[in-house]
Amino acid sequence: MDESLSTSPARAPLLHSLRHAHRTAFNRMFAAVYFCAILVLLHHHALKLIHSTTFGSFLISLSFLVSDTFLAFLWFTRQCFLMTIVYRDEYPENLQKTLLLKKSSSDFPALDVFICTADPYKEPPLRLVSTTLSVMAYDYPTEKISVYVSDDGGSQVTLFACMEAAKFAYHWLPFCKKNNIIERSPETYFAANHSSWFFDTEEIQKMYECMKQRVEKVLEKGKVGEEYITEELERKAFSKWADHGFTRQDHPTVIQVLLESCKNKDATSHLMPSLIYVSREKSRTSSHNFKAGALNVMLRVSATMTNAPIILNLDCDMYSNDPRTPLHALCYLLDPKLMSQLAYVQFPQIFHGINKNDTYSCEYKREFRCNPLGLDGVLGPTYVGTGCFFNRRAFFGGPSTIVPPEIPELGPNSVVNKFIQSQPVLELAHKVAGCNYEYKTKWGYELSEPSFILYVFLVLGAYGQDLLEFMIEEGTVQNWWNDQRMWMIRGLSSFGYGCLEFFLKCLGISTYGFGLTSKVIDNEQSKRYGQGMFEFGASSNMFVPLITAAIVNLVSFLTGLVQVLRGSKMEGLFLQMFLAGFVVLNALPIYEAMVLRNDKGRIPFKTTATSTCLALALYGLVSLPLTDSN
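Residues numbered from 1 in each chain as written. Predicted model: local features only at pLDDT ≥ 70, side-chain atom pairs only at ≥ 80, totals over all residues. Heavy atoms only, no water.

Enquirer: Is there a simple way to explain the overall build of the chain in this structure?
Expert: Check the secondary structure of the chain and you find 20 helices and 10 strands. Projected onto the principal axes, the alpha-carbon positions of the chain cover approximately 85 × 65 × 60 Å. Considering the chain as a whole, with its 630 residues, one finds that 46% of them fall into the buried category. (Helix = DSSP H or I, 4+ residues; strand = E, 2+ residues; numbered from the N terminus. Buried < 20%, exposed > 50% of the residue type's maximum accessible area, 1.4 Å probe, protein only.)

Structure (structure tokens):
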């Protein structure tokens, strides 16, 4: 798709356009030269391996060949992100003109929003409230929006937070639209330093603070007290948790309609979006498939209630920084030349609260800003699990043919002509949210050598090109350095353990399983993060390979330095010291956390001792064949 696309008439305004990056030609030429250099280097390693005279030299040559072959494979797979880089521009104002000139807002497709959460203590409910309110306040026909909150933890605290969001939305939605607020997440809006406030801002903020206090008190108690229940419908909803058999791992389906767009109106008498709380049935005897299983349930439940052709899924701690976000997505999803073949539109994820130099590389600039540009020029960016607008048809067999589900009402072309709180709709919604529904269905299924010049070119070329891509996408040198450092850290910790767990699970061996990351930090952690300090305080075996590698490279670098000081030729040691020194430079925060720090973020002594013993064992093991060969 190399041309600008428009709506069907030739004179209709453009919905979006595409342009190629100027650096694409350079990337292709550089890749050709770099590939030739790799072939020369691997040929050199093969010759060294063939002509090895000792067992020690054979092992060294083999290790170089294997490691460089693996690195070459990684480089090769990276090139798909660089061969066809494209940028896109949307024109939502033209979309509005095109649709509004026909009849009215009825031409806008309905939108179902899925927001996923699983634990109110690791994913604070107030962030869920802000996320929910930010999408309810979109610049989009409110009667076309239905927001589904998936609570996979089955917590009454989460339901209470959703009820509070529904009440606050009565005032928040008209406030945002009347004053044309851009930041429609209340948490973000009230935290920002605004140069000017509106006359009713203080009143809205007081409402928000009162709501915040109620949610926090309920979270602290772990249950909803009688003093917070004001209506009989609320009492009936929370009565399900009174059953002593109700736990997060074992409980019935809970579906609560908190707002219905055809009935509920805001403070200015405008219709509000629908808001539905869903907690699917859980049973210890049935596999729930984590977030993927929750999204499957949301797809079915929403089909029974609203069945919007467009679906947006979000995590509970996100919000759209542009209230016109759905219009940007529709510039592609409603293009007649694309809509029959387009499965989804993936938006990049932007992280807030990151310190100046992004110590942990939590911005994921490469995954969310650099790589998608290259994938978009091939077949399209990958789905990253959130911030994505889907064409509902894509879940039912593809663009040309529809694979009908077991229940006709779940199909993408089914029209919901009943109220979402009607008895037939609620019964079907509870049925498809059951933990056994998917059974039997289609759901879920060297050493002064010429090769040194090659190494210099390959290392500097790869890192230089990566830095260039990073800087083009508004990164800094320090951000990039922390990003590539984190790749080393993850590769020797979480990535390795993740691969091991995957293979063990494939063999049917019990593993640790999935654990939800806590999003709550204390003041001391926050202070250390602001100073750019790494956290190693958790006593985890995951750190052992990382710290062992840091110790091995430090000892290797110091050993080589001692040999140089004793008069050994630097040319024979330079490459080894360069590689070890590079790892040492990246591992400086690890050494600091081992011996210099006294705060709670330092590496536990047990982990340091274990890693040291393992490093000594590796040195002893490697020295045996080298001693024999001498």
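Still more to cover.
Enquirer: I would appreciate a short explanation of the domain arrangement of the chain in the present structure.
Expert: By a frequent convention, interface size equals the accessible area lost on bringing the separate parts together. Partitioning the chain into structural domains gives domain 1 (12–88 + 354–383 + 445–477), domain 2 (93–349 + 389–433) and domain 3 (521–624). Each of domain 1 and domain 3 has a C-alpha centre, and these two points are 26 Å apart. (Domains from an automatic or database assignment.)

Enquirer: Help me understand the packing of helix 5 (residues 156–179) against helix 7 (residues 201–221) in this model?
Expert: Geometry of a packed helix pair, given as the angle between the helix axes and the separation of the axes. Between helix 5 and helix 7, whose axes approach to 10 Å, the crossing angle comes to 175°. It follows that helix 5 is roughly antiparallel to helix 7 by the angle criterion. Contact with helix 5, carried on its side by Val 157, Phe 160, Ala 161, Glu 164, Ala 165, Phe 168, His 171, Trp 172 and Phe 175, involves Thr 201, Ile 204, Met 207, Tyr 208, Met 211, Arg 214, Val 215, Val 218 and Leu 219 of helix 7 and no other residues of that element. Per-class residue counts for the contact of helix 5 with helix 7 are 14 nonpolar, two polar and two charged. (Axes fitted to C-alpha atoms, helices over the stretch in contact; angles between N-to-C directions. Parallel < 35°, antiparallel > 145°, perpendicular 65-115°, else oblique. Contact = heavy atoms within 4.5 Å. Nonpolar A, V, L, I, M, F, W, Y, C, P; charged D, E, K, R; others polar.)

Enquirer: Got a minute to help me understand the pattern of salt bridges in this structure?
Expert: Opposite charge on two side chains permits pairing when their charged atoms draw close. The tally for this structure, following the rule as stated, stands at 26 salt bridges. In this structure, Arg 19 and Asp 89 form a salt bridge, with 3.0 Å as the shortest nitrogen-oxygen distance. With Arg 19 in strand 2 (residues 14–20) and Asp 89 in strand 3 (residues 86–90), this residue pair connects regions lying 70 residues apart in the sequence. Look at Arg 19 and you get partly exposed, because its relative accessible area is 43%. Glu 469 is the salt-bridge partner of Arg 23, the closest N and O atoms lying 2.9 Å from each other. You'll find Arg 23 and Glu 469 in the same group, each marked buried. (Salt bridge = Lys/Arg side-chain N within 4 Å of Asp/Glu carboxyl O.)

Enquirer: Would you mind going over the UniProt feature "binding site: Mn(2+)" (unreviewed entry) in the chain with me for this structure?
Expert: When the UniProt feature table is mapped onto this chain, "binding site: Mn(2+)" (unreviewed entry) is found at Lys 291 and Asp 315. Of the residues just listed, which span 25 residues, no C-alpha pair is farther apart than 10.3 Å, and they cluster in one region. Structurally, the position occupied by Lys 291 is in helix 9 (residues 290–305). Its relative accessible area of 34% is what places Lys 291 among the partly exposed residues. Setting aside residues up to four positions removed in sequence, Lys 291 forms contacts with Cys 116, Asp 315 and Gly 385. Relative to the helices and strands, Asp 315 is located in strand 8 (residues 310–315). If we skip the residues at most four places from it in the chain, Asp 315 touches Ile 115, Cys 116, Thr 131, Lys 291, Gly 385 and Thr 386. (UniProt positions renumbered as here; feature names shortened; annotations may be inferred.)

Enquirer: Even after reading the chapter, I still don't get the packing of aromatic side chains, so can you show me in this structure?
Expert: The relative placement of two aromatic rings is captured by the distance of their centres and the angle of their planes. This structure, assessed with the given rule, holds 37 aromatic pairs. When the centroid spacing of 6.1 Å and the interplanar angle of 20° are considered together, the rings of Phe 534 and Phe 536 count as stacked. Just as Phe 534 is buried, Phe 536 falls in that class too. The aromatic ring of Phe 419 is capped on one face by Lys 263, whose charged end is 5.6 Å from the ring centroid. (Phe/Tyr/Trp six-rings, centres within 6.5 Å; stacked < 30°, edge-to-face > 60°. Lys NZ or Arg CZ within 6 Å of the ring centre and 35° of its normal.)

Enquirer: Quick question: what am I supposed to make of the side chain of Ser 134 here?
Expert: Within the secondary structure, Ser 134 sits in helix 4 (residues 125–136). Residue classification places Ser 134 among the buried residues on the basis of a relative accessible area of 2%.

Enquirer: How do you make sense of the sheet that holds strand 6 (residues 254–259) when you look at a structure like this?
Expert: In a beta sheet, neighbouring strands are held together by backbone hydrogen bonds and run either parallel or antiparallel to one another. Spatial strand order, 6-7-5-4-8-10-9: seven strands in an open sheet with mixed pairing. Strands at the two margins of the open sheet, each flanked by one partner only, are strand 6 and strand 9 (344–346). The average undirected angle you get between the axes of adjacent strands in this sheet is 20°. Sheet topology note: the strand 4 (residues 111–117)/strand 5 (residues 145–151) ladder contains seven bridges and is parallel. Pairing of Cys 116 across the sheet is with Ser 150, part of strand 5. Its contacts with the sheet place helix 4 against strand 4, strand 5, strand 6, strand 7 (274–279) and strand 8, and it is angled at close to 165° to strand 5. (Pairing = 2+ DSSP bridges.)

Enquirer: Hey, could you run me through the UniProt feature "binding site: UDP-alpha-D-glucose" (unreviewed entry) in the chain in this one?
Expert: UniProt marks Lys 122, Glu 123 and Asp 152 with the feature "binding site: UDP-alpha-D-glucose" (unreviewed entry), using the numbering shown here. A maximum C-alpha distance of 12.6 Å among these annotated residues, which run over 31 residues, shows that they cluster at one spot. With respect to the helices, strands and loops of the structure, Lys 122 is situated in the loop between strand 4 and helix 4. Relative to the helices and strands, Glu 123 is located in the loop between strand 4 and helix 4. The class of Glu 123 is buried, set by a relative accessible area of 9%. A polar atom in the side chain of Glu 123 sits 2.9 Å from the backbone nitrogen of Ala 118. (Polar contact = N/O pair within 3.5 Å; in protein donor to acceptor, adjacent residues only side chain to side chain.)

Enquirer: Honestly, the pairing of strand 4 in this entry has me stumped. Any pointers?
Expert: Along any regular strand, the residues point their side chains to alternate faces of the sheet. The element strand 4 is largely enclosed, with a buried count of seven among its seven residues. Residues Leu 111, Val 113, Ile 115 and Thr 117 point to one face of strand 4 and Asp 112, Phe 114 and Cys 116 to the other, with burial holding for every one of them. In this view, the connection linking strand 4 to its parallel neighbour strand 5 by way of helix 4 has right-handed handedness. (Right-handed = clockwise from strand over helix to strand, strands pointing away.)

Enquirer: For this particular structure, what's the right way to read the environment of Asn 264?
Expert: Mapped onto the elements, Asn 264 comes out in the loop between strand 6 and strand 7. Between the alpha carbons of Asn 264 and Val 403 there is a distance of 36 Å; along the sequence they are 139 residues apart. With near-sequence residues (within four places) excluded, Asn 264 lies in contact with Leu 259, His 270, Leu 271 and Met 272. Side-chain polar atoms of Asn 264 contact the backbone nitrogen of Glu 260, separated by 2.7 Å.

Enquirer: Help me understand the environment of Thr 54, please; the structure alone is not making it clear to me.
Expert: Structurally, Thr 54 can be placed in the loop between helix 1 (24–50) and helix 2 (55–78). Given a relative accessible area of 31%, Thr 54 falls into the partly exposed group. Along the primary structure Thr 54 and Ile 276 are separated by 222 residues, whereas in three dimensions their C-alpha atoms are 71 Å apart.

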